[in-house]
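Understanding the architecture of this molecule
Here are the chains, one letter per residue:
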Amino acid sequence: MTFSKRARTLLCGALLSGMPLSAQATVIVRQLDEVREGWSGSVSAAFEETVATTQKQSYDGSFSVVHKNHTQEWRSFASVAYGEVNDVEDEDEQMLHVRHVQHEAFGDWRWETFAQTEKDAFAELGQRDILGGGVSRWLSRDKSWRVLALLGAMREREDHSSDRAQDRSETRASLSLQGKYSSPYGWTLDGVSYWQPNANGEAADRRVTAELALSFPLSKRLMFTSGYSYRYNGRPFVGVGRENRKLTSGLNFTF
């Protein structure tokens, strides 16, 4: 399917507009890279240290493993993050996500099911467990542009790290638009935008996420990546902020 210049402009606008409008969104995975049949994967690592009036340290790591055949994909994603500002912890989170994709389940539409578990000490999140599914479709898959839309629903359970009275279970819609531009000079720009409202119709209880990443090749398998994420949680636990912004840079190795 071709993607018009106007549609591409609208896509970039949608991804970027989510950033100032929209901490703890869920099911943030990237599915845009072309994967070969059989097993493949990647690992990423980032480190940041600033020593000035404010002393900051940040560590991030992630990996993905994919198995693909002609009709199906099995994907797994995991990430860890830890950060300190002036020796006070401001981030400590872990996430594990597994997903199955059935190609051409309904013509051009794919069927996806997923499960995820995560922890976030800074957000007072002792554990969040998610089970969901939905449909996805490629809007563009040419050499320059890859665009994927996902429409689904999920059931989530959140446990507060210390106050059981704040534990809750919710059903949410999960709508996502992912886009990636590959330059003929080798660099790539990709973005993910998620909107996840509560299915009970409460407008304020929504999660919105936008992420952008710019990557430059250092070798055939090694990339330097710099990214920005902006997350909004309309109903966090008591005492936790609604917004979270983050800048990262690091290396990504594919295998």
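**Points about the overall build of the protein**
Scanning the protein from terminus to terminus reveals one helix and 12 strands. Evaluated residue by residue, the protein yields a buried proportion of 43% over its 255 residues.

**A closer look at the packing of aromatic side chains**
The geometry of an aromatic ring pair is captured by the separation of the ring centres together with the interplanar angle, meaning the angle of the planes. Tallying each qualifying case throughout the model produces two aromatic pairs. Ring centres of tryptophan 145 and tyrosine 181 lie 5.6 Å apart, and the angle between their planes is 55°; this geometry places the pair in the tilted category. Here tryptophan 145 is found in strand β7 (residues 145-160), whereas its partner tyrosine 181 is found in strand β8 (residues 168-182), with 36 residues between them in sequence. Joined through ring pairs, the aromatic side chains of Trp145, Tyr181 and Trp187 make up one cluster.

**Quick word on empty space enclosed by the protein**
One simple way to see leftover space: roll a probe sized like a water molecule over the atoms. Here the largest cavity defines a volume of roughly 100 Å³. Secondary-structure elements contributing two or more residues to the lining of the largest cavity are β5 (109-120), β6 (125-141), β7 and β8. Of all the elements, β6 adds the most residues to the lining of the largest cavity, at four residues.

**Side note on the environment of serine 161**
Note on placement: serine 161 falls in the loop between β7 and β8. Once the C-alpha coordinates of serine 161 and glutamate 124 are considered, the two residues, 37 residues apart in sequence, prove to be 5.2 Å apart. When residues no more than four places from it in sequence are discounted, the contact partners of serine 161 are Glu124, Leu125 and Gly126. Among the polar contacts made by the side chain of serine 161, one reaches the side chain of glutamate 124 at a distance of 2.8 Å.

**Points about the layout of surface pockets**
Each pocket or cavity is described by its volume, and for the second largest pocket that value is around 270 Å³. Lining of the second largest pocket is provided by 17 residues; of these, His103, Glu104, Arg110, Trp138 and Arg141 occupy positions nearest its centre. Of all the secondary structure elements, the ones that give two or more residues to the lining of the second largest pocket are β3 (72-85), β4 (88-106) and β6.

**Quick word on the confidence of the model for the protein**
When pLDDT drops low, the exact placement of atoms in the prediction is not to be read closely. The pLDDT averaged across the protein works out to 84; a share of 87% of its residues lies at or above 70. Here helix α1 (residues 5-21) is the element of the protein with the lowest mean pLDDT, 38, and β7 is the one with the highest, 95. Counting interchain partners and residues more than four positions distant, the pLDDT-below-50 stretch residues 1-23 has 45 contacts.

**Here we look at the pattern of salt bridges**
Note that side chains of opposite charge can pair when their charged atoms are close. If you walk through the whole model with that rule in mind, you get 19 salt bridges. Here aspartate 129 ties to arginine 157 by a salt bridge, and the two come within 2.6 Å at their closest N and O atoms. In this pair, aspartate 129 is assigned in strand β6 and arginine 157 in strand β7, connecting sequence segments 28 residues apart. Across the salt bridge formed by glutamate 211 and arginine 231, the nearest N and O atoms sit 2.8 Å from each other.

**Points about the side chain of lysine 246**
Positionally, lysine 246 belongs in strand β12 (residues 243-254). Of note is the side chain of lysine 246, whose polar atom sits 2.5 Å from the side chain of aspartate 60. If we skip the residues at most four places from it in the chain, lysine 246 touches Asp60, Ala81, Glu91, Gly227, Tyr228 and Ser229.

**Considering unusual backbone geometry**
Working note: non-glycine residues mostly have negative phi, and peptide bonds are mostly trans. Unusually for a residue other than glycine, glutamate 104 sits at a positive phi of about 50°. Mapped onto the elements of the fold, glutamate 104 is located in strand β4. Overall, glutamate 104 belongs to the exposed group, its relative accessible area being 67%. Located in the positive-phi region is glutamate 124, a residue other than glycine, with phi close to 60°.

So, how was this worked out
Residues numbered from 1 in each chain as written. Predicted model: local features only at pLDDT ≥ 70, side-chain atom pairs only at ≥ 80, totals over all residues. Heavy atoms only, no water. Helix = DSSP H or I, 4+ residues; strand = E, 2+ residues; numbered from the N terminus. Buried < 20%, exposed > 50% of the residue type's maximum accessible area, 1.4 Å probe, protein only. Phe/Tyr/Trp six-rings, centres within 6.5 Å; stacked < 30°, edge-to-face > 60°. 1 Å grid on protein atoms, 1.4 Å probe; cavity = no way out; pocket = protein on both sides within 12 Å on 5 of 7 lines; lining within 4 Å. Points joined across faces, edges and corners; volume = space filled by probe spheres on them. Contact = heavy atoms within 4.5 Å. Polar contact = N/O pair within 3.5 Å; in protein donor to acceptor, adjacent residues only side chain to side chain. pLDDT = per-residue confidence, 0-100. Salt bridge = Lys/Arg side-chain N within 4 Å of Asp/Glu carboxyl O.

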